[in-house]
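What the coordinates show
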Amino acid sequence: MTESSGCTECIFKSPAAKLLTTDEILTMEKNCAVTDLKAGDTIFKQGVFSSNVVYIKHGIVKLHIDGPYREQIIKIAKGPTYLGLPTTLDEKFYRYTATTVEETGACFIDKTIFKQFVQENGQFAYEIIVDLCKQELLMFNKCISKSQKNARGRIADALLFFKEDIYEEDEFKLPL
């Protein structure tokens, strides 16, 4: 990991981070580590203490829960996006594992500083809440869609998801 080398000039800023003041951006810069990860790297692990908010600048990440017999993929996320917000803001331990699917750029922002921004900057907090709401509604729609389709329909749905939401191209290689 390397220390942040310029949050002010970052081209991957989230809509929420764009609402931070200059002083808040400089504070985040001092309390953030930036790293590039290879495919298959673990970003955080289920059951481990949560000390950072993870912001994926670019790349693809799978979120999965380890069960007694196998892992269950709960989401495929594409940067730019925050990971683990519900766990970071309310609990002490991650409830799932995040693993890179391809090369990924990530920022590890100190949890205490992130919470401070949420408490002190209403516009920042609002954007974080909007993002969480959008993600929750998307998960609800996917859950209903999966439960009401047969196996072929679920496979078609997954291929369309990768085509439209992840790669945004007609031709792609599935990295799974």
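Once that is clear, we can look at the packing of helix α3 (residues 111–120) against helix α4 (residues 122–147). Between two packed helices, both the angle of their axes relative to each other and the distance between the axes serve to describe the pair. The contact between α3 and α4 brings their axes to 5 Å, and the two run at 105°. Relative to α4, the element α3 lies roughly perpendicular. Touching F114, F117, V118 and E120 of α3 are G122, F124, A125 and I128, all from α4. Partitioning the contact of α3 with α4 into residue classes produces 6 nonpolar, 1 polar and 1 charged.

Turning our eyes to something else, we now look at the pattern of salt bridges. The full count for this structure, using the stated rule, is 2 salt bridges. Salt-bridge contacts for D66 lead to K45; the nearest nitrogen and oxygen are separated by 3.5 Å. Remark: K45 occurs in the loop between β3 (42–44) and β4 (52–58) and D66 occurs in strand β5 (residues 60–66); sequence separation between them is 21 residues. Among the residues examined, D66 registers a relative accessible area of 32% and is labelled partly exposed. Its relative accessible area of 44% is what places K45 among the partly exposed residues. The salt bridge involving K62 is made with E71; its shortest N-O contact spans 2.8 Å. Since its relative accessible area comes to 18%, K62 is described here as buried. We classify E71 as partly exposed; its relative accessible area is 32%.

Cut-offs applied
- Residues numbered from 1 in each chain as written.
- Predicted model: local features only at pLDDT ≥ 70, side-chain atom pairs only at ≥ 80, totals over all residues.
- Heavy atoms only, no water.
- Axes fitted to C-alpha atoms, helices over the stretch in contact; angles between N-to-C directions.
- Helix = DSSP H or I, 4+ residues; strand = E, 2+ residues; numbered from the N terminus.
- Parallel < 35°, antiparallel > 145°, perpendicular 65-115°, else oblique.
- Contact = heavy atoms within 4.5 Å.
- Nonpolar A, V, L, I, M, F, W, Y, C, P; charged D, E, K, R; others polar.
- Salt bridge = Lys/Arg side-chain N within 4 Å of Asp/Glu carboxyl O.
- Buried < 20%, exposed > 50% of the residue type's maximum accessible area, 1.4 Å probe, protein only.

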